[in-house]
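The lines below spell out each chain.
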Amino acid sequence: MAELSVPVLSLVVLIGSSGSGKSTFAHKHFRSTAVLSSDAYRGLVSDNEADQSVTAEAFELLHHVAGVRLRRGLRTVIDATNVQPKARQALVELARAHDVLPVAIVLDVPEAVCVQRNALRVDRADLGPHVVGRHQRDLRRSLKFLEREGFRKVHVLKGVEEIEAATIADERLWNDKTDLTGPFDVIGDVHGCRSELETLLGELGYVIARDTEGRAVDARHPEGRTAVFVGDLVDRGPDTPGVLRLVMGMAASGNALCITGNHEFKLVRALDGRRVTVAHGLAESLAQLEAEDAEFRKTAQEFMRGLVSHYVLDGGKLVVAHAGLKEEYQGRTSGRVREFAMYGESTGETDEYGLPVRYPWANNYRGKALVLYGHTPMTELVWVNNTLCLDTGAVFGGRLTALRYPEREPVSVPAEQVWFEPVRPLAAATFATGEAVVQRDPGVLDLDDVLGRRVVETRHLGRVTVQEDAASAALEVMSRFAVDPRWLVYLPPTMSPCATSTLDGYLEHPAQAFEYYRSEGVDTVVCEEKHMGSRAVVVVSRSAQAARDRFGVEDGSTGAVYTRTGRPFFDDPARAESLLARVRTAAETAGLFEELGTDWLLLDTELLPWSAKALGLLRNQYAAVGAAARASLGRAAEVLAAAIERGLDAGDLAARTGARRADAGAFTAAYGRYCWPTDGLDGVRLAPFQLLAASGANYAGRDHNWHLERIDRLVAADPEFFTPTGRRLVDLASPEAEAAATAWWTELTAAGGEGMVVKPLGSLVAGTGTRSGRPVQPGVKCRGPEYLRIIYGPEYRRPDQLHRLRSRGLGGKRSMALREYALGLEALDRFVAREPLWRVHEAVFAILALETEPVDPRL
């Protein structure tokens with residue numbers, strides 16, 4: 001039985017005469033969607049799969065679809081005769097254009113068998129034996145030239161039995177290490193600095209093993225971490241053999257991975273006897289290796305020869321390449337990919353030192369994977385989008401640097417001396433290539449990142465789609481009205497109400513909230529008092545310097561207070577700074593900065609009173625409705641009373657009018673409870689309910705007790721400014737606990753409170769109900785009967801009105817709430833991981849776009 005090894009990402013070209021069984025073979029061994037048949041494409045463009053007159057158009061379409069699949073990283077199989085070199089060459093070029101391996105599978109079937117099979121097929125009845133004969137002759141002439149044509153693998157199956165017995169084995173590419181999840185320590189260019197490397201490994205916690213001569217031959221981390229070397233182990237430094245001996249030992253024992261650098265590539269060519277220019281430290285390596293024995297030189301040469309261009313690690317989240325790698329090259333294999341990985345991309349120019357000027361590919365990088373690389377020495381580490389150069393010029397007297405992953409924590413040790421004088425001064429290297437200088441302006445949105453239909457990958461809900469029209473509307477808001485985007489690292493999600501109640505006089509009731517979570521397998525919920533104000537996100541830095549260091553804001557501001565749509569909460573920046581000062585002082589008093597080891601905090605809050613932000617809405621909508629209702633119904637009541645005095649039968653109408661007048665009064669009283677005068681911060685109160693994030697940590701996944709305990713400390717630090725949030729824990733297996741929470745809700749709402757929010761005690765809870773495994777709603781609101789008058793109108797509690805409102809649909813609101821919740825968590829995860837701001841804004845912008853969906857705003 002023949003087992004054919006086929007790379008998982010490749011262009012598979014089936015080669016065989018008509019009737020050789022290519023289609024049967026393809027559909028037996030590959031996904032049906034991966035197989036592109038020339039006959040099928042003839043049928044697509046002519047309704048006749050046998051119409052040879054449309055062959056050119058059919059193949060044009062087939063090549064286009066194959067290109068789309070290869071660009072998307074999907075293995076593709078071409079089912080056509082492909083017996084002529086010209087047809088194959090077009091496919092080899094297609095594979096090269098997408099940096100995938102072309103693989104040939106030849107089905108060599110006797111001519112008589114092919115003729116017999118064609119005779120049995122209706123669509124091939126007119127195909128003469130001479131056609132098969134011509135195919136066979138072309139095939140025979142092709143067999144020995146397939147590898148020379150560019151096919152990286154050639155499998156030839158002879159005869160029907162061998163074809164039927166063959167199996168396909170998926171082969172992972174050498175650069176595919178996605179199954180390795182780390183943790184990793186990615187180490188920058190060593191350049192023969194063996195002593196510094198040993199010191200750095202010690203700082204990272206590795207235990208070095210030595211041979212009988214005291215030479216370092218391996219290093220193991222007690223916690224199972226893996227070192228990853230970005231290449232350029234050799235040249236320039238004092239001990240290239242020592243570095244190779246140590247790294248080869250670590251690689252052999254599974255304690256390290258290593259990729260090739262341009263210096264390894266050139267050194268191997270020199271050791272092979274090829275003509276190379278002996279410069280840039282190559283002479284030092286050759287001399288040092290000459291002092292080693294022949295066996296070591298041979299082993300080192302084969303080790304360097306076998307190094308791959310780059311590695312894709314941790315499920316595709318991390319890419320390591322010597323000079324970096326664009327997203328479209330990651331996980332691909334071709335000479336072009338290897339060239340870029342070793343050298344980067346040159347502008348074609350040279351600088352004043354005669355060195356090539358590298359194109360700043362990192363400035364335009366938008367990939368999901370973190371790319372770590374070296375090659376271009378820097379005086380300091382500079383994050384550019386989602387990339388980092390780790391070459392800090394150890395051999396030139398700088399530092400040898402590693403990055404701990406996934407922690408993103410840099411560790412470096414100083415060079416013991418200047419081992420090699422750089423052609424270009426190290427201090428100027430940062431600016432010479434542009435790779436770490438021209439960064440994207442964090443205050444400017446890039447249209448390419450937000451326009452059109454967008455799909456945002458989230459950790460907790462998968463792919464979230466933003467439609468093109470929603471993106472356009474959100475862009476208008478964000479570009480014209482939003483706060484400085486450097487502060488805009490999160491937007492809170494909308495919240496769905498609980499299911500509609502059928503209890504007499506109620507539209508919402510705690511019973512439905514409890515039942516929802518119970519049905520999703522949640523054991524314990526927390527009921528939090530809902531404050532009637534305006535949602536406000538507060539990001540506060542410990543100082544103006546902290547704001548500059550973490551957020552890049554240099555105007556002296558120390559934070560921001562903004563609404564659910566990203567707009568500044570206050571028109572006056574001084575008022576915002578006053579509020580931030582109160583929050584900062586309370587946080588200092590409560591010890592939150594020290595406890596969390598941070599110089600900034602991000603809080604989700606409610607800012608009271610409602611009138612502090614919604615004064616225009618109150619005057620123009622609610623107050624106008626209330627005043628008009630009271631005036632008109634009051635006059636109507638007077639007229640009806642006079643009519644009754646004259647003996648007219650208007651008692652029923654007068655009663656209905658009186659009830660409507662009472663409803664209007666209740667409506668005015670309802671919104672009036674949430675309004676009071678303010679002057680500056682006098683009268684303003686803040687009700688935080690979640691401490692979302694701080695330096696290096698996303699706390700949104702912590703249980704709500706953790707959040708509320710720290711919020712209580714803020715309240716205690718400044719009780720005149722912070723409003724406490726009442727809460728009740730409810731065991732959903734206890735009817736008594738539910739009854740007590742319901743009584744508390746009834747008491748709150750009767751006293752004029754808005755209601756409560758019911759949340760799972762633990763955040764990020766996956767449900768076990770109809771959508772098992774997906775997150776449950778992070779919270780559902782349960783609003784009191786009188787508060788709902790503001791939302792649904794003065795007379796909503798009348799039986800006929802309640803009957804109509806009970807048909808309200810909640811599906812759209814619930815879907816929006818979950819999607820926005822996942823996007824908010826994604827934004828926080830990206831920000832605390834110090835991903836580039838455009839990546840954070842991708843998720844934040846999507847939340848804003850979802851808000852434009854047509855969902856009933858009263859829900």
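Everything quoted here is computed from the prediction, not taken from an experiment. (Residues numbered from 1 in each chain as written. Predicted model: local features only at pLDDT ≥ 70, side-chain atom pairs only at ≥ 80, totals over all residues. Heavy atoms only, no water.)

The secondary structure content of the protein chain amounts to 29 helices and 34 strands. Within the span of the protein chain, comprising 859 residues, buried residues form 53% of the whole. Long-range contacts, defined here as pairs at least 24 residues apart, represent 72% of the contacts in the protein chain between residues at least 6 apart. Taken as a whole, the protein chain presents about 37,000 Å² of accessible surface, with 50% of it coming from carbon and sulfur. (Helix = DSSP H or I, 4+ residues; strand = E, 2+ residues; numbered from the N terminus. Buried < 20%, exposed > 50% of the residue type's maximum accessible area, 1.4 Å probe, protein only. Contact = heavy atoms within 4.5 Å. Areas by Shrake-Rupley, 256 points an atom, 1.4 Å probe, with all protein chains shown as cover.)

What follows covers helix 4 (residues 85–97). The periodicity of an α-helix, 3.6 residues per turn, causes residues three or four positions apart to be oriented the same way. In a regular helix each residue adds 1.5 Å, so 13 residues correspond to 18 Å; helix 4 covers 18 Å between its end C-alpha atoms and thus fits that length. Against strand 2 (10–15), helix 3 (55–71), strand 4 (76–79), strand 5 (101–108), helix 6 (129–142) and helix 7 (146–149) lie the buried residues of helix 4. (Expected span 1.5 Å × (residues − 1).)

Inspection of the entire model under this criterion finds 14 aromatic pairs. Their ring planes at 80° and their centres at 5.5 Å tell us that Tyr-329 and Phe-340 sit as a pair that is edge-to-face. Here the residue Tyr-329 occupies a position in the loop between strand 15 (318–321) and helix 14 (335–343), and Phe-340 occupies one in helix 14, the gap between them amounting to 11 residues. Neither residue differs from the other here; Tyr-329 and Phe-340 are each classed as buried. (Phe/Tyr/Trp six-rings, centres within 6.5 Å; stacked < 30°, edge-to-face > 60°.)

With that out of the way, let us pick up the environment of Leu-381. Note on placement: Leu-381 falls in the loop between strand 18 (370–373) and strand 19 (383–384). With relative accessibility at 27%, the residue Leu-381 sits in the partly exposed group. Measuring from C-alpha to C-alpha, the distance between Leu-381 and Asp-391 comes to 8.5 Å, with 10 residues separating the pair along the chain.

Right, let's talk about the confidence of the model for the protein chain for a bit. Counting all residues, the mean pLDDT for the protein chain is 86, and 88% of those residues have values of 70 or more. Below pLDDT 50 for its whole length, residues 427–444 participates in 44 contacts with residues either more than four positions away or in separate chains. (pLDDT = per-residue confidence, 0-100.)

The subject of this paragraph is a nonpolar patch on the surface. On the surface, a cluster of nonpolar side chains totalling about 250 Å² of accessible area is made up of Leu-44, Val-45 and Leu-61. With respect to the helices and strands, the residue Leu-61 is situated in helix 3. (Patch = residues over 30% accessible without salt bridge, like charges linked within 9 Å, V, L, I, M, F, W, Y side chains within 5 Å. Salt bridge = Lys/Arg side-chain N within 4 Å of Asp/Glu carboxyl O.)

Moving on: the sheet that holds strand 22 (residues 409–414). Sheets are built from strands that pair by backbone hydrogen bonding, the pairs being arranged parallel or antiparallel. Taking strand neighbours across the sheet as the criterion, the five strands line up as 13-12-9-21-22 in an open arrangement whose pairing is mixed. Of all strands in the sheet, those bounded by a partner on one side alone are strand 13 (256–258) and strand 22. Shown here is a sheet whose adjacent strand axes are inclined to one another by a mean of 20°, direction ignored. Inspection of the sheet shows strand 21 (residues 399–405) paired to strand 22 by six bridges, in the antiparallel sense. In the sheet register, Leu-400 faces strand 22, and the bridge partner there is Val-413. Packing against the sheet, helix 9 (residues 194–204) makes contact with strand 9 (184–187), strand 12 (226–229), strand 21 and strand 22, and its axis sits at approximately 140° to strand 22. (Pairing = 2+ DSSP bridges. Axes fitted to C-alpha atoms, helices over the stretch in contact; angles between N-to-C directions.)

What follows deals with the pairing of strand 4. Of the two faces of strand 4, both are covered, the one formed by Thr-76 and Ile-78 as well as the one formed by Val-77 and Asp-79. Sheet topology places strand 2 next to strand 4; four bridges connect them, and they run parallel. By the bridge assignment for strand 4, Val-13 is matched with Ile-78. Of the strand pairs in this sheet, strand 3 (residues 35–37) and strand 4 are connected by three bridges, and their pairing is parallel. Counted as the bridge partner of Leu-36 is Ile-78 from strand 4.

What follows concerns the side chain of Glu-264. Among the structural elements, Glu-264 can be located in helix 11 (residues 262–271). Nearest to the buried, unbridged Glu-264 among oppositely charged side chains is Arg-338, at 8.7 Å. Excluding residues that lie within four positions of it along the chain, Glu-264 makes contacts with Gly-231, Asp-232, Leu-233, Val-234, Met-304 and Leu-307. (Lys, Arg positive; Asp, Glu negative; His and termini not counted.)

Inspection of every chain in the model, using the stated rule, returns three cavities of 30 Å³ or more. Taken as a whole, the largest cavity spans an internal volume of roughly 270 Å³. At the level of secondary structure, the elements contributing two or more residues to the lining of the largest cavity comprise strand 30 (685–694), strand 33 (755–760) and helix 28 (811–832). Looking at the lining of the largest cavity residue by residue, the class counts come to 15 nonpolar, seven polar and three charged. Within this model, the second largest cavity holds a volume of roughly 40 Å³. Cys-498, Ala-499, Gln-512, Ala-513, Tyr-516, Gln-777, Val-780 and Arg-814 together form the lining of the second largest cavity. The dominant element in the lining of the second largest cavity, judged by the number of residues it contributes, is helix 18 (residues 510–519), at three residues. Residues that form the lining of the second largest cavity fall into these classes: five nonpolar, two polar and one charged. (1 Å grid on protein atoms, 1.4 Å probe; cavity = no way out; pocket = protein on both sides within 12 Å on 5 of 7 lines; lining within 4 Å. Points joined across faces, edges and corners; volume = space filled by probe spheres on them. Nonpolar A, V, L, I, M, F, W, Y, C, P; charged D, E, K, R; others polar.)

Moving on: helix 14. By the burial criterion, the buried members of helix 14 are Val-337, Phe-340, Ala-341 and Met-342. Structurally, helix 14 contributes buried residues whose contacts are with helix 11, strand 14 (310–313) and strand 15. Immediately beyond the C-terminal end of helix 14, within one or two residues, lies Gly-344, with a positive phi of roughly 75°.

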